[in-house]
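Observations on the three-dimensional arrangement
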Amino acid sequence: MRTRIRMYATAATIVAAATAGLTLPASASVPAQTDGDFNGDGYADLAVGVPDGTVGGKARAGYVNIVWGGPKGIGAHGSIRISQATPEVPGTPEAGDHFGASVALVDLNGGGGAELLVGAPGEDITGRGKDVGMVLAVGGGKGGPGPGSVVLDGPSASAAYGKSVAAADLTGDGNKEIVIGGTDKVVARVAQGEDSMVTTVVAAPMGGHAPILATGDFTGDGTADLAVGYWTKTPFTQSHVRLWAWDATEQAMANTWNTDNAGVSALAAGDFDGDGHDDLALGECREIADENIDDPCGPEELAKGGGIHVHYGNATPGSFGFRQQTLNQDTVGVAGVAEDGDHFGAALAVADFDNDGRDDLIAGAPGEAIGSRSGAGAATLLFGGPTGLVDARGEGRSVGFQQDTPHVPGVAEAADAFGAAVATGDYDHDGRADMAVGSPGENAASGGVWLLPRASANGSSAFTPAKLGLPSPSSALAYGRYLNGQ
């Protein structure tokens, strides 16, 4: 049995099909996943970043809503808010801090529970200026949030540290490194015993885009590597997806693999073909430069509406990514129809939902039109198989969800953006992964989150800011745009 070392994070950013006839096998022997257990009760929890929330009268100061897991999953067992007004959290709520613009629940110290990593890219710091940015870590526990600390803040005005965040053991020493995306930069805080050092991974003009982060063992050496997707604007628009691994000799992250002119909205690592090696999915992949002859996102016709391009790992050192697959909503077996503006793959999450030993991929399509309702949104579960997400005939296997799917609560409405964010976790501790889907445009952009237990419409439910008793539930909180559960 291989040890999973993956951790996902995206910069913030979604198919319609009935689920009749699809039965997923049950398995009582699979151990429950509690990676995202913030309060130590054995159930995975969900972190929802609400960076546009008002705290103490300060507009867009932002907060994180931790929604508790339990026997009924998330949404039925209450939640708590964590902000810079929380006594254990450093800092003071200020207008425009955007606390919660990136979130992750991670077991940083190996204690078995999860800590909360949260980015506040709008944080101002006296002497450095506006929008310096900050990433904080907040401990969890049965009594509520534990002590918080500053992981790292930006060096200067507009650095905006905390636009994105991820964590994994990149050095192989058992400690998790914290990776932070900011303006035109990605840095890693590397643990070294009781000390740490900060090393720059990427420094490039990114045109205001938040860098996209994911981690997985792409080199096959048993240690996590870092995948970064980013744009450059000078001297002309380019885009890149690059892999970085820790170089112990140089004490720095070393660039090991590149695909250029591949613009992406999301990245996710998973073993989609079950060969024991991590693969990398590029969400909403589109080629930026027409003259590029390498087809960095696969066949051009599969980019319509948003394509997902997968680079596969294997046992041969240095050959990551040689085998590739591309699919979109016009691929046979994939729910929906590819249409311009669907943004298929704009959000990605990974879990083995059918317990076949191969990871499956959730792809959000927030721009999906449901009938005449533009931007209602959808999410598609793509199943892994012996050859990955596409079989030997070039066909996929999937099931699609949206608010007009039978047994899914709600009604698909224009601009709901269902699928703008997706997450996974064993929220009811039954040994099977569940699926969470954000719909930040719901209720005039107040937002909401949908729970699909075991990635099924049966027993699905939804919760909104009003249902959870959050302040200003009728305002444009865009609740559900920023999710992370593990």
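Located above this text is the structure these notes cover.
Below, the structure is looked at part by part. Every value quoted in this text rests on a predicted model; they were computed, and no experiment measured them.

All right, on to the pattern of salt bridges then. Should their charged atoms come close, side chains of opposite charge can pair. Per the stated rule, a full pass over the model turns up twelve salt bridges. With its nearest N and O atoms 3.1 Å apart, the salt bridge here joins Arg242 to Asp260. Pair noted here: Arg242 is in strand β15 (residues 238–247) and Asp260 is in strand β16 (residues 252–260), with a separation of 18 residues, a long-range link. Residue classification places Asp260 among the partly exposed residues on the basis of a relative accessible area of 31%. Residue Asp404 is joined to Arg373 by a salt bridge in which the shortest nitrogen-to-oxygen separation is 2.9 Å.

A full pass over the atoms with the stated rule returns one disulfide. The disulfide that involves Cys285 links it to Cys297, with 1.9 Å between the sulfurs. The disulfide joining Cys285 to Cys297 has a torsion of about -65° about its S-S bond and is therefore left-handed. One end of the pair, Cys285, is in strand β19 (residues 279–287); the other, Cys297, is in the loop between β19 and β20 (307–311), and twelve residues separate them in sequence. Each member of the pair, Cys285 together with Cys297, is buried.

With that out of the way, let us pick up the layout of surface pockets. Estimates place the volume of the second largest pocket at around 460 Å³. Ranked by residue count, the leading element in the lining of the second largest pocket is strand β8 (residues 148–153), at four residues. Its residues assigned to classes, the lining of the second largest pocket comprises eight nonpolar, seven polar and six charged.

What follows concerns the nonpolar core. In terms of nonpolar packing, the biggest core is built from 21 residues, with Leu46, Val67, Ile74, Tyr427, Phe463 and Tyr479 touching the most fellow members. At the level of elements, β2 (46–50), β3 (63–67), β26 (421–425) and β28 (449–452) are the ones that each hand at least two residues to this core. A per-element tally of this core places β2 first, with three residues. Counting residues in hydrophobic clusters, the runner-up holds 20 residues, among them Phe353, Ala379, Ala433 and Val437.

With that settled, the discussion passes to the sheet that holds strand β5 (residues 102–106). Reading across the sheet, the four strands line up as β5-β6-β7-β8 and stay open at both edges, with antiparallel pairing between neighbours. Because the sheet does not close on itself, it has two edges, and the strands there are β5 and β8. Strand-to-strand twist of the sheet, defined as the mean angle between neighbouring strand axes without regard to direction, takes the value 20°. As judged from the five bridges shared by strand β6 (residues 115–120) and strand β7 (residues 134–138), these two strands associate in the antiparallel manner. Looking at β7, one finds that Ala120 is bridged to Met134.

Reading the values: the criteria
Residues numbered from 1 in each chain as written. Predicted model: local features only at pLDDT ≥ 70, side-chain atom pairs only at ≥ 80, totals over all residues. Heavy atoms only, no water. Salt bridge = Lys/Arg side-chain N within 4 Å of Asp/Glu carboxyl O. Helix = DSSP H or I, 4+ residues; strand = E, 2+ residues; numbered from the N terminus. Buried < 20%, exposed > 50% of the residue type's maximum accessible area, 1.4 Å probe, protein only. Disulfide = S-S within 2.5 Å. 1 Å grid on protein atoms, 1.4 Å probe; cavity = no way out; pocket = protein on both sides within 12 Å on 5 of 7 lines; lining within 4 Å. Points joined across faces, edges and corners; volume = space filled by probe spheres on them. Nonpolar A, V, L, I, M, F, W, Y, C, P; charged D, E, K, R; others polar. Core = buried A, V, L, I, M, F, W, Y, C linked by side-chain atoms within 4.5 Å. Pairing = 2+ DSSP bridges. Axes fitted to C-alpha atoms, helices over the stretch in contact; angles between N-to-C directions.

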